[in-house]
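Chain by chain, the residues:
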Amino acid sequence: MGAGHSHPLYLPGESPVHRLPAEVKIVAAFGVVLCVVATPREAFWVFGGYLLLLAAVWVAARIPPGWIARRALIEAPFVVLAVLLPFTGGEPHVEIAGGVTLSEPGLLGAWNILVKGTLGVLTSLTLAATTPLRDLLLGLQRLHAPAIVVTIATLMLRYADVIVGEARRMRLARISRGHDPRFLWQAGATARGVGSLFVRSYERGERVHLAMVSRGWTGRMPALSQQRTSRAQWLTGLAAVGVAAALAVTGWVVA
Amino acid sequence: MSTAPEPATAAAPSPEPPSLEVRGLAFAYPDGHQALYGIDLTVRRGERVALLGPNGAGKTTLVLHLNGILTPGRGSVVVGGLPVEKQHLREIRRRVGIVFQDPDDQLFLPTVGEDVAFGPANFGVSGAELEARVEAALAAVGMSEHRDRSPLHLSGGQRRRVALATVLACEPEILVLDEPSTNLDPVARRELAEVLLGLDTTMLMVTHDLPYALQLCPRSVVLDDGVVVADGPTRELLRDTELLRRHRLELPFGFSL
C-alpha cells in the first residue's frame, strides 16, 4: 500500500497540470466526460479529437503514454461485454470474412461502449495521475460536496492502511497457529477473522469519533487550506472542456 | 474567542480558579453499571497529578466527564472556573485537552500538519495564527520536520508526540493524558517524559505505570471502585505497599522507594 498521501495512480510531478487546483481539474474532467458521452456514436473521427485533447494534456503533464496505457487495463473486464454485442445483436447483419455475420446495431453498440468507456477511463486516469488523493478531497470540499462524503473519504484515506495492517497481523497470528485453509469448509476461521476485524474497525470508529469530538468537532471539517483559486486557473482548466464541447457539437452537426 | 482564559501570570484580585474542580461526581452507565460513586478532586493551575488505579476503577469514565462527553448523574465538574454544561461545551473542549491512549485513534487526517491544525481550526483559529499554533505545537514536541508526513510513517513514539501536539495546539487549560506510556519503547518513553516535563500546562495523567507517575507527577490520586481512596505526594503513596496491594497496584520488579 502506498503512502497516506500518494497512491499507485498518482505520478508525482511539477507540471502546470499538476499545479492546477484540484477542484478545477475535477470540474474539467467531469465536463470532458459529459461531452464524450453526449457525442453521437456515428461521429467516428470526433472521438479521435478527444484522444488528441487527452494526449495534449499528457504532454503538458509529462505523463508517458505507456504509463497511462498500463493502468487503463482496469477497463478490460468491461470490454468483454462489449465484444459479445456484435454476436448477440439484432438485424440487419453484415457479413465479414469466412461467412461470419455480425449484427450491425451490435457493432455500433460495442463501439459506443468501447470508445466512450475508454475515453472516460483515460480522463479519470489523467485526473488521478496529476492530483494527490488529499488534494482531491480538498477539491471536493471546495466544490461544496456534502460534508459527510468528504469526511468519510478523508477517514478512508487515513484508515484503509491501518485496517489492512490489522488484517495482516490477524492473518499472521492465524497462520502461526497452524491455520492453512485450502478448502472451502476450512474457511470458517477466516470468516470469523473478517467478522472480528469488522467489530474492531467499528470500535476504532467510535474511538476516533470520541477523539474528534474532544477536539471540538461538530460535524463539519474545517477548511484545510486557505488558498484561493484564481480566475486564470479556472479558465485554463475549462479551456479543455471548451475544446471537448466544440468537438461534441461538431459531432452532432456532422452526424 | 470571547471567552479566552486570562493569562496565568495576571495578578487577579480574587484567587485564581483551579484548573479542575470535581465535586461529588457520580455516574452510572445506561445499563445500570455504577462506575463513579462521588468523586472529589481539585487540580490547581500548573499542578501535575497522576490518576492511578487498576483496570475498571473508573479512570476513563472520569476522564470522559472532564470535557462533557459523559454527563454526570450527580455532582459537577468545573474547568478553570467554567462549569461543564451544554452551553459552554465548545470552550470546555478547548480547555480540556485529552490525549487518548492509541495515537491512531487521535491522528485521523492524511498529514501531521493537518491533524495538528484540526483542533484549533474547530475552535475558530485561522490564517496566520493557525499556522503559528501548528508550528509552535510541533516544535514543543520536537516534530517540526515531520509536518508533511503521514502519521502512518511515524514510529510509535513519534505518533504519541504528534497526538500530544494536536492537543497542545488548542492551548488547553488542562492536559489529560490517558496511559501515555503504553506501547512505547524505553527511549520513546523517556523522550515523551522530557517533552512533558518541559511543558508548564496543568496535567492530569491517567496511568498504572507507577514509575512514570513518580517521574512526572509530584502528586497522585488513587481511584478504585469509583471512589478516590488516596490523594497525596506520589512518593509517599508509592511507599505504602499495603495501599498499593489493596488496589491492585504494583511497582515493577526490582523497583523500591
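A brief look at the structure comes next.

Scoring rules and cut-offs
- Residues numbered from 1 in each chain as written.
- Chains lettered and ligands numbered in written order.
- Predicted model: local features only at pLDDT ≥ 70, side-chain atom pairs only at ≥ 80, totals over all residues.
- Helix = DSSP H or I, 4+ residues; strand = E, 2+ residues; numbered from the N terminus.
- Rg over C-alpha atoms; globule rule 2.2 N^0.38 Å.
- Buried ≥ 20, exposed ≤ 12 C-beta atoms within 10 Å, placed from the backbone.
- Contact = placed C-beta atoms within 7 Å.
- Pairing = 2+ DSSP bridges.
- Axes fitted to C-alpha atoms, helices over the stretch in contact; angles between N-to-C directions.

The next thing to look at is the overall build of chain A. Looking only at helices and strands, one finds 10 helices and 2 strands in chain A. For chain A, the N- to C-terminal ordering of α and β elements is α-α-α-α-α-β-β-α-α-α-α-α. Scaling as 2.2 N^0.38, a compact globule of 255 residues should have a C-alpha radius of gyration of about 18 Å, whereas chain A reaches 24 Å, well beyond that. Along the three orthogonal principal directions, the C-alpha set of chain A runs to about 60 × 55 × 30 Å. Taking all 255 residues of chain A together, 27% fall into the buried category. Within chain A, contacts between residues separated by at least 24 positions form 78% of all contacts whose residues are at least 6 apart in sequence.

This next bit is on the sheet that holds strand β3 (residues 48-52) of chain B. Residue and element names in this part refer to chain B. Ordered by their spatial adjacency, 6 strands build an open sheet running β6-β7-β8-β3-β9-β10, and the pairing between neighbours is mixed. The sheet terminates laterally at β6 (96-99) and β10 (227-233), the two strands that pair on one side only. Across the sheet, the mean angle from the axis of one strand to that of its neighbour is 20°, orientation sign disregarded. With 4 bridges connecting them, β3 and strand β9 (residues 219-224) associate as parallel partners. Bridging from a neighbouring strand, Leu52 pairs with Val222 of β9. In this fold helix α1 (residues 59-66) packs onto β3, β6, β7 (174-178), β8 (202-207) and β9, with an angle of close to 150° to the strand it touches most, β7. Of the strands in this sheet, β6 and β7 touch helix α6 (residues 156-168), which is tilted by about 165° from β6.

Attention now goes to the pairing of β10 of chain B. All names here are of chain B. The pairing of β9 with β10 spans 6 bridges and is classified as antiparallel. For Val222, the partnering residue across the bridge sits in β10 and is Ala230. Two successive antiparallel strands, β9 and β10, enclose a turn made up of 2 residues, where Asp225 displays a positive phi of approximately 50°.

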